[in-house]
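Analysis of the macromolecular model
Residue-level listing of the chains:
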Amino acid sequence: MDLQGKTALMITGANTGLGFEMARSLARAGAHVVLAGARSGQAGPGDRAHPPETPDARLEPGVLDLDALSAVAAFSDGFARRHARLDLLINSARA
């Protein structure tokens, strides 16, 4: 699968388990992956997604507080300013 030039947004869950593997797979396929988590350290895989097989991974951490609608709006506005489009949206947030 070739995802060069595609932008993926992962809503939480990218720091462990299935979400982590999904983020790593998207990066390996060439996507620019935006990792949105409640706290900066929980956004995503960080350096763990840059093993030898993905040295050029394009990962962008983001802080997204899903408990505050104003924070969701601010995140969305920032995303729209930085990215021309969104190709993949992955919602892995837990209730």
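Summarised in this report is the structure supplied together with it. (Residues numbered from 1 in each chain as written. Predicted model: local features only at pLDDT ≥ 70, side-chain atom pairs only at ≥ 80, totals over all residues. Heavy atoms only, no water.)

Counted residue by residue, strand 1 (residues 7-11) has 5 buried out of 5 residues, so it is predominantly covered. Covered by surrounding structure in strand 1 are Thr7, Leu9 and Ile11 together with Ala8 and Met10, the residues of both alternating faces. Note: strand 1 against strand 2 (residues 32-37), 5 bridges, orientation parallel. Each residue of the ladder has a partner; that of threonine 7, found in strand 2, is histidine 32. A crossover connection joins strand 1 to the parallel strand 2 through helix 1 (residues 17-28); in handedness this β-α-β unit is right-handed. Here strand 1 runs beside strand 4 (residues 88-91); their pairing, made up of 4 bridges, is parallel. Within strand 4, the residue paired with methionine 10 across the bridge is isoleucine 90. (Buried < 20%, exposed > 50% of the residue type's maximum accessible area, 1.4 Å probe, protein only. Helix = DSSP H or I, 4+ residues; strand = E, 2+ residues; numbered from the N terminus. Pairing = 2+ DSSP bridges. Right-handed = clockwise from strand over helix to strand, strands pointing away.)

This brings us to the nonpolar core. Counting residues in each nonpolar core, the largest one holds 14 residues, and the members touching the most others are Met10, Leu26, Val33, Leu35 and Leu59. Secondary-structure elements contributing two or more residues to this core are strand 1, helix 1 and strand 2. At 3 residues, helix 1 tops the list of elements feeding residues into this core. Other than its neighbours up to four places away in sequence, leucine 26 contacts Leu3, Ala8, Met10, Ala31, Val33, Leu88 and Ile90. Counting 7 residues, the second largest nonpolar core, distinct from the first, contains Ile11, Ala36, Leu64 and Phe79. (Core = buried A, V, L, I, M, F, W, Y, C linked by side-chain atoms within 4.5 Å. Contact = heavy atoms within 4.5 Å.)

A word on helix 2 (residues 69-82). The terminal C-alpha atoms of helix 2 lie 20 Å apart, and with 14 residues this matches the ideal 20 Å at 1.5 Å per residue to within 8%. Among the residues making up helix 2, those that are buried are Phe75, Gly78 and Phe79. Considered in projection along helix 2, the buried side chains sweep an arc of 100° and stay on one side of the axis. Exposed side of helix 2, more than 90 degrees from the buried face: Leu69, Ser70, Ala80 and Arg81 are the residues found there. Contacts from the buried residues of helix 2 go to strand 1, strand 2 and strand 3 (58-63). (Expected span 1.5 Å × (residues − 1). Arc of directions from axis to C-beta.)

Across all of its chains, the model carries 3 salt bridges by this definition. One salt bridge in this structure joins glutamate 60 and arginine 82, with 2.9 Å as the shortest N-O distance. Taken as a pair, glutamate 60 in strand 3 and arginine 82 in helix 2 lie far apart in primary sequence, 22 residues in all. Judged by relative accessible area, glutamate 60 falls into the buried class, the value being 14%. You can call arginine 82 partly exposed: its relative accessible area is 47%. The shortest N-O distance in the salt bridge between arginine 85 and aspartate 87 comes to 2.8 Å. (Salt bridge = Lys/Arg side-chain N within 4 Å of Asp/Glu carboxyl O.)

Read these as layout, nothing more, since geometry by itself doesn't imply function.
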